[in-house]
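# Chain and residue survey
The chain contents come next:
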Amino acid sequence: QVQLVESGGGLVQPGGPLRLSCTASRSVRSFDRMGWYRQAPGRERELVASITSDGSVNVADSLKGRFAISRDNAKNTLYLQINTLEPEDTAVYYCNAVKQVSIEGSVELWGQGTLVTVSS
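Let us look at the structure shown here. Since the model is a prediction, treat every value here as computed from it, not as a measurement. (Residues numbered from 1 in each chain as written. Predicted model: local features only at pLDDT ≥ 70, side-chain atom pairs only at ≥ 80, totals over all residues. Heavy atoms only, no water.)

### Some words on the pattern of salt bridges
Scanning the entire structure with this criterion turns up six salt bridges. In this structure, E46 engages R38 in a salt bridge whose closest nitrogen and oxygen atoms are separated by 2.8 Å. Taking relative accessible area as the criterion, E46 reaches 26% and is therefore assigned partly exposed. (Salt bridge = Lys/Arg side-chain N within 4 Å of Asp/Glu carboxyl O. Buried < 20%, exposed > 50% of the residue type's maximum accessible area, 1.4 Å probe, protein only.)

Dropping the structure here:
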């Protein structure tokens, strides 16, 4: 089965950039949609950004301009670029992938998450 592994989190300074990576054990082109979610302390998990197999991108309205999602097919890797980090960005960031297997269902995978702590 395909596995997703996130990396790139850690303690970072406000205002700086950060790139998170999600590496899949199979071609990322095999998924219909991949995305990043995050869950801040005491808050519900929320969608950050997603990208479909044809390259269509969606970023949460409140994060547009600071967050960008991209995919490197050759490296089987999904990226999340975060610019101008804010303390409110502190959260566990999760990689997600969905593959539609039939009209009746889909397969959804989650990574284990990587913690991003934005603090000075």
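Still more to cover.
### Quick word on unusual backbone geometry
One non-glycine residue, N76, lies in the positive phi region at around 55 degrees. Owing to a relative accessible area of 21%, N76 belongs among the partly exposed residues under this scheme. A positive phi angle, near 50 degrees, is found at T84, a position not held by glycine. Considering the arrangement of structural elements, one finds T84 in the loop between β8 (77-82) and β9 (91-102). Relative accessible area serves as the criterion here: at 46%, T84 is assigned to the partly exposed category. (Helix = DSSP H or I, 4+ residues; strand = E, 2+ residues; numbered from the N terminus.)

### Quick look at the environment of T114
Counting through the fold element by element, T114 comes out in strand β11 (residues 114-118). With 23 residues separating them along the chain, T114 and A91 place their C-alpha atoms 8.4 Å apart. Of the polar contacts made by the side chain of T114, one reaches the backbone nitrogen of G9; its length is 3.1 Å. (Polar contact = N/O pair within 3.5 Å; in protein donor to acceptor, adjacent residues only side chain to side chain.)

### Considering the pairing of β11
Along β11, the buried face is formed by T114, V116 and V118; none of L115 and T117, which line the opposite face, is buried. Pairing geometry for strand β2 (residues 10-12) and β11, over three bridges, is parallel. Counted as the bridge partner of G10 is V116 from β11. As judged from the three bridges shared by β9 and β11, these two strands associate in the antiparallel manner. Residue pairing in the sheet places Y93 in a bridge with T114 of β11. (Pairing = 2+ DSSP bridges.)

### Examining the pairing of strand β10 (residues 105-110)
Of the strand pairs in this sheet, β9 and β10 are connected by six bridges, and their pairing is antiparallel. Residue pairing across strands places V98 opposite E108, the latter belonging to β10. In this structure, the hairpin formed by β9 and β10 is closed by a connection of two residues.

### Re the sheet that holds β8
Strands belonging to one sheet form pairs held by backbone hydrogen bonds; the direction of such a pair is parallel or antiparallel. Taken in spatial order, the four strands make up an open sheet running β1-β3-β8-β7, and their pairing is antiparallel. Strands at the two margins of the open sheet, each flanked by one partner only, are β1 (4-7) and β7 (67-72). Averaged over neighbouring strand pairs, the angle between their axes works out to 20 degrees when direction is ignored. Inspection of the sheet shows strand β3 (residues 18-24) paired to β8 by six bridges, in the antiparallel sense. Along β8, the bridge assignment pairs L20 with L80. (Axes fitted to C-alpha atoms, helices over the stretch in contact; angles between N-to-C directions.)

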